[in-house]
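Working through the structure, step by step
Chain by chain, the residues:
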Amino acid sequence: MKKYILPFAVLSLFYTKSEACAWSDPDYDYFNLFTQTIIKDKSYLPFLHSYSTRFYTEYNPTLTAQIPDENIESWRRYFNNQLSYTETSFLVNKMSMTDLNELKKGNPNNQLLKKLGFGFYQKYAEGIDYLIEAKYLEPYMKINYVESADSFYYRENQNDKNATNLDYNKTITALTSLYNAAKNQEIKQRYGFQLIRFNHYTRNYDAAAQAFNTYVAPIKLKGAPYIMSLDQLAGAQRGLGMNNDANWNFFQVFKDSKSRKESAFVSMKLSDTASFNNILKRANTDDEKNMAYFLLGYEDFTNPIPLMEKMYDINPDSEILKVMAARSINEIERSYLPTYYYASDDNNSDVQTTALNKSSDKTTTETTQPKKEELSFWQKIVRFFKNLFGGSKSENVNKADQSDDELLDNPNRIPVFSKNNAYYWSEDDKQIDFLADLEKFTAKTKEKSKDEYWQIADAYLKFLKKEYKASTEILVNIKTTNPEYLEEIKRMKVLNDIVSQPKITAEYEDHLMKDYSEYFIKKEVKKDTANTNYDYYGDVPSTADFLKDVMANRYFLQGEDGKSFLMNNKLSDLQYNPNSGLVKSVEEFYRKPNKTRFEQQIIAKNMDDVGNIDSFFNVIYGDRAMRTADFDKAKSYYEKAQSFTGIPRLNYDWSGNTQKITPRQYSVAEYNGFKNISNLIFGYNVWESFESADNQSMQADDYSAFPFIKPTMNKLELADALIQLKKIGNGTDEKAAKANQFIGNLLYNTSILGYYRQVFVMDVDNSNGGKYDFWRTDRKNPYRYYYKNFLDTSYIEPDNFDLSIDYYKKALQYSSNKEQKARVLFQMASAEQGKYYQYEAKNPSDVSYSDPKWSEKNDAYQKQLDNIKNQKYRTYFAQLKTQYADTETAKNLMGSCSYFGYFMKR
């Protein structure tokens, strides 16, 4: 087998979050607990940290509305603040030209203009006349599209208006005349803006540049009209190939504008070092240098601290310095606070090995600790998350022989470390501890800056370092009236309180409901029925979601698995991984008397409808007893499960514009998890095809001597039949041989390899899924921190193939029929194959794919497996070949089972 290696850069393109959904969104992969948007200058909202969109405010009209528009502010001042910001925006941007002309004529029909009265026009005639002219021009203010041989996209709207649709000379003459007639300098400058824009959009770039120098620059105003004009000048300079001048002017627009920063940034094209260096060389003032450093830090993927230090030296109160800090904190959050945390299955850490002392109830640890500075990136991340979430259960409850640090060698279980990860920055072969450096920076800045922002940031970084007391002390001493700051401080105090709590008691649960209920009781949000778009992502992970995970972890560590499970899952979810210990713990919580308010309102609300709850639990227990061949116990459970209404599945209807979800209704003759089980379950495979109908894949045996084996049975009847077969099987005659064979058949047919593998694992059919994967560990519970990933990490107690083999051995012993013995031996060989699969899954290759000798070593590993398989797991195939090759059964099996045919011919 050849080994193919893809470059890391290519591999990174395929990385998505743990669930590997096609619609994965990196901004949903972590808990964003630090609110970036608390920055005071909302014009920088687009430049906060996001991986999902180019700009933070994209597709978010609520945030976009918070960005101030200097043009609207300028007009509001012009109208002497008679209008609110919203009214001014409506007047300038949305009011029709007809409405303004009616105002000019003295007959306003618009309600806003009526409120202002006729005298409004008389007072602000120049401004209203300008707006009328601007609204006339606006539909045409687009650059003309020129088709070329290199055009590669289709323009749907061929008849769009553009600037060339206007008569050039007439328009220039009219605007020049209006410019000359205007008395108000700001209105005059606005006409100059129209002249520049019109020339720009008609591709008269030289005329546009000349218009700026003639009509705008001489007026010594640097407000909104000037910024808008400069933006148009830069566009014209780009058209002339004057890229350095264009970038410099776009840079000025970015620096001075509030609403045009995003478009100016796109226009600047700071993607190459030369352009940035040219801007930096031209920067004369501290303000320009500060902004240039910000742009480099925003666009680059290097460690931002050195640039932030330069910005600090210029102005520690700079708003853009806070933007850089917010982005940096968010980068760290993405490493520290993943929404899903998966434990590794491999116990191969070379950092710390934990051994369970078999002679006592205590866990002893043999440790080889590296020096602190030698800890790898993954070791640091796991150390933090383990400590934040209190460590794995093995440290607190003597349940599992697990290595505490076994995640360290499995980075695929934590968000990939790439340029999107800022916990460490690599520079000149040195790893920079970003969190430590950022904490030093914020601690220094909070002492010099007057803005409380830096105290909040410092407190949050201490929270990430688990210094909860120090974090809280900072928070309680912050004096501020800023409502956004106050809300952030309040939330961070809650985080410190809950995360620092080592044990969740009934008293503490009462405290949560009394003081923090808003974080646990989800408010019902009325859905917009007019919006038919399906939301693939759901809600962005919130502080409430994070606290829910913390609580789930605390319960997990305390051994309260049922409560931990229900913090993140519904009761009905147990059907997907019905392992006995967890189900028992959930049942104990269900039956717990005198539940606290928190248990009743937060946890118990996830006890969703599963029909009869007692029957639901008893079916799961009965199924487990059947898999362990304890038929009497299974019967006792099934007797209490006769009210079972079916495995609680849902039907999803995607027809029409909305998604409809309804409980699945089972038909009278349909298998529902308890009834309608065919007696083919006691038969054997004709061929192995899980997709085929049971009467095509399975063959019934002769049940005439066993009248209690009915054509169709429920699980209670099935258990009773097995009890009777077991009694008959205690004999030594041919009937006893058949009884033992039937029991062996049922145990094999309901194992992971059997056609009826779904019957005792709470599934509705045998189609592929995690339940039918061979688990690669002996652990009783693969979940280490919580059960949030319950539906993504399949685990059911593994099959014991020796149970079916033991019954087959009795059948082989008591049977005198050679054909029957051949059939029994083949069934035994199939069960033995299951044992081999379990061995192989528990002993995977440890050869690294990056090993240059991977192919050679992998071939050796496969050869070793083949030897073990032939030496230890081909016992009954060998016996069948040497003693029963002449039987009709063996000959038929060679035709239906290709591997057996190959084995017989070797």
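Our structure's up above, just so we're on the same page.
To start, this report covers the structure provided alongside it. These numbers come from a predicted model, not from an experiment.

So, how was this worked out
Residues numbered from 1 in each chain as written. Predicted model: local features only at pLDDT ≥ 70, side-chain atom pairs only at ≥ 80, totals over all residues. Heavy atoms only, no water. Salt bridge = Lys/Arg side-chain N within 4 Å of Asp/Glu carboxyl O. Helix = DSSP H or I, 4+ residues; strand = E, 2+ residues; numbered from the N terminus. Buried < 20%, exposed > 50% of the residue type's maximum accessible area, 1.4 Å probe, protein only. Axes fitted to C-alpha atoms, helices over the stretch in contact; angles between N-to-C directions. Parallel < 35°, antiparallel > 145°, perpendicular 65-115°, else oblique. Contact = heavy atoms within 4.5 Å. Nonpolar A, V, L, I, M, F, W, Y, C, P; charged D, E, K, R; others polar. Core = buried A, V, L, I, M, F, W, Y, C linked by side-chain atoms within 4.5 Å.

In this section: the pattern of salt bridges. On inspection of all chains with the given rule, the structure shows 44 salt bridges. We note a salt bridge from Lys42 to Glu484, for which the minimum N-O separation is 2.8 Å. With Lys42 in the loop between helix H1 (8-13) and helix H2 (61-64) and Glu484 in helix H24 (residues 483-499), the pair connects residues that are 442 residues apart, well separated along the chain. The class for Lys42 is buried, based on a relative accessible area of 12%. Residue class for Glu484 comes out partly exposed when judged on its relative accessible area of 30%. Here Asp458 ties to Lys446 by a salt bridge, and the two come within 2.8 Å at their closest N and O atoms. Pair noted here: Asp458 is in helix H22 (residues 453-464) and Lys446 is in helix H21 (residues 434-448), with a separation of 12 residues, a long-range link. Beyond isolated ion pairs, a larger network of salt bridges with shared partners links Glu439, Lys446, Asp458, Lys462, Lys465 and Glu467.

Bringing the packing of helix H13 (residues 243-256) against helix H16 (residues 286-299) into the picture now. Interaxial distance between H13 and H16 falls to 11 Å at its minimum, and their mutual angle equals 95°. Viewed along their axes, H13 and H16 adopt a mutual orientation that is roughly perpendicular. Contacts from Trp248, Phe251, Gln252, Phe254 and Lys255 of H13 reach H16 at Asp287, Glu288, Met291, Ala292, Phe294 and Leu295. Here the contact of H13 with H16 is composed, by residue class, of 7 nonpolar, 1 polar and 3 charged.

Another point: the nonpolar core. Residues Phe294, Leu574 and Phe682 are the most contacted members of the largest nonpolar core, which totals 204 residues. Look past the residues within four positions of Phe682 in its chain and what remains in contact with it is Tyr703, Ile709, Met713, Leu718, Leu722, Leu725, Phe742, Asn745, Leu746 and Asn749.

Once that is clear, we can look at unusual backbone geometry. If you check the backbone angles, Asn80 has positive phi at about 55° while not being a glycine. For Asn80, a relative accessible area of 47% corresponds to the partly exposed category. Here the phi dihedral of Asn81 falls at roughly 60°; this positive angle occurs in a residue that is not glycine. As for its placement among the helices and strands, Asn81 is situated in the loop between helix H3 (70-78) and helix H4 (85-94).

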